[in-house]
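In case you want the letters, here they are:
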Amino acid sequence: ELKVEQNPLFLSMQEGKNYTIYCNYSTTSDRLYWYRQDPGKSLESLFVLLSNGAVKQEGRLMASLDTKARLSTLHITAAVHDLSATYFCALGERFGAGTRLTVKP
Amino acid sequence: DTGVSQDPRHKITKRGQNVTFRCDPISEHNRLYWYRQTLGQGPEFLTYFQNEAQLEKSRLLSDRFSAERPKGSFSTLEIQRTEQGDSAMYLCASRSQGRPEAFFGQGTRLTVV
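This is a predicted model, so every value here is computed, not measured. Numbering of residues starts from 1 in each chain and follows the order in which that chain's sequence is written. Here the convention is simple: chains get letters from A, ligands get numbers from 1, in the order in which they are written. For this predicted model, a pLDDT threshold of at least 70 governs which residues receive local features, and a threshold of 80 or more governs which side-chain atom pairs are given and counted, while totals over whole chains, interfaces and linings are taken from all residues. To obtain the side-chain values, all non-hydrogen atoms of the structure were used and water was disregarded.

Draft legend 1. Up close: the pattern of salt bridges. A side-chain nitrogen of Lys or Arg and a carboxyl oxygen of Asp or Glu constitute a salt bridge if their distance falls within 4 Å. Summed over the entire model, instances satisfying the criterion amount to nine salt bridges over all chains. Notably, a salt bridge pairs R22 of chain B with D24 of chain B, separated by 2.7 Å at the nearest N-O pair. A salt bridge links E83 of chain B to R64 of chain B, with the nearest nitrogen and oxygen atoms 3.4 Å apart. Of this pair, E83 of chain B sits in the loop between β8 (75-79) and β9 (88-95) while R64 of chain B sits in the loop between β6 (53-57) and β7 (65-68), and the two are 19 residues apart along the sequence. Each residue's exposure class comes from its accessible area (1.4 Å probe, protein chains only) as a fraction of the maximum for that residue type: buried when under 20%, exposed when over 50%, partly exposed otherwise. Classification of R64 of chain B by relative accessible area gives buried; the value is 10%. Residues joined by salt bridges that share partners form a network here, namely R31, E93 and R94 of chain A together with E56 of chain B. Secondary structure follows DSSP: runs of H or I at least 4 residues long count as helices, runs of E at least 2 residues long count as strands, and numbering of each begins at the N terminus.

Written out as structure tokens, the structure is:
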């Protein structure tokens, strides 16, 4: 059975710091997604990673994919308060449990 | 607005009643997905359509749940004899077959009392 595991599940960080969220999965797929969800809202697509070694960046967020290790990472650079949200990775239609990120001043 | 539209946004129903939700995908998208999300959890896949064909159903989709996409455009999700455990956000997403990006609607929040 396909499993998608994220860690950490909760992350509290200070503004200006860097951190990485990890997403491990148990089987291969042609699509690895990262989404953002604000409280009470729907999901916003951040990145779609399609191949081994893919790296995408948008602002302070950078996502990468290592299909051999079955691992994707979401790296946060110089965090700001506006990044506070829950971040999900998804392999195809299967989602991880999410990482609830809080950025403190 | 050309995004994914869901209706209603909120629904409160009594246990045992039937409810139906609607999803209008982005017009050129032939794939449509339904998910359920409970508080503090990630979305759980329920089912998906390619055009009007329902191609996959999760084991989460009990016989009280049924989904349709009769003309390959909008879709409905019906829950019969609702239970308190059905309380959740029901999300719809759509995408084109040849493109990986998926777009989510705002969801329908169901509360069963």
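Draft legend 2. Here's a closer look at the pairing of β9 of chain B. Residue and element names in this part refer to chain B. When you tally the buried positions in β9, you get eight out of eight residues, the bulk of the element. Neither face of β9 is left uncovered, since the one carrying A88, Y90, C92 and S94 and the one carrying M89, L91, A93 and R95 both have all their residues buried. Note on pairing: DSSP must find at least two bridges between two strands before they are called paired. In this structure, strand β4 (residues 31-37) lies alongside β9, joined through seven bridges in antiparallel fashion. When the bridges of β9 are listed, W34 appears paired with C92. Note that β9 and strand β11 (residues 108-112) share three bridges and pair antiparallel.

Draft legend 3. Examining the interface of chain B and chain A more closely. The contact rule is simple, with two residues in contact once any of their heavy atoms fall within 4.5 Å. Chain B puts 19 residues into the contact, and the matching count from chain A is 18 residues. Together, the buried faces of chain B and chain A total about 1,400 Å²; carbon and sulfur atoms form 54% of this surface. Counting the contacts that link chain B with chain A gives one salt bridge. E56 of chain B is paired through a salt bridge with R94 of chain A; the nearest N and O atoms lie 2.9 Å apart. Under this definition, polar contacts are N or O atom pairs within 3.5 Å; protein pairs additionally need one hydrogen-donor-capable and one acceptor-capable atom, and for neighbouring residues in sequence, both atoms have to be side-chain atoms. Taken together, the connections running from chain B to chain A amount to four residue pairs in polar contact (both at pLDDT 80 or more). Elements with a minimum of two residues in the side of chain B that touches chain A: β4 and β9 of chain B. The term buried area means the drop in 1.4 Å probe accessible area that two parts suffer when joined, counted for both and summed.

Draft legend 4. Representation of the packing of aromatic side chains in the model. Under the pairing criterion, centres of Phe, Tyr and Trp rings, with the six-membered ring standing for Trp, must be within 6.5 Å; the plane angle then separates stacked pairs below 30 degrees from edge-to-face pairs above 60, leaving the rest tilted. Using the criterion set out here, one finds 11 aromatic pairs over all chains in the structure. Plain terms: the ring middles of F95 of chain A and F104 of chain B are 6.2 Å apart, the flat faces sit at 80° to each other, and that makes the pair edge-to-face. Taken together, the residues span two chains, with F95 of chain A in strand β10 (residues 94-95) and F104 of chain B in strand β10 (residues 103-104). Look at Y35 of chain B and F45 of chain B: their rings are 6.1 Å apart centre to centre, the planes differ by 75°, and that puts the pair in the edge-to-face class. Of this pair, Y35 of chain B sits in strand β4 while F45 of chain B sits in strand β5 (residues 44-50), and the two are 10 residues apart along the sequence. Of the two residues, Y35 of chain B and F45 of chain B, both sit in the buried class.

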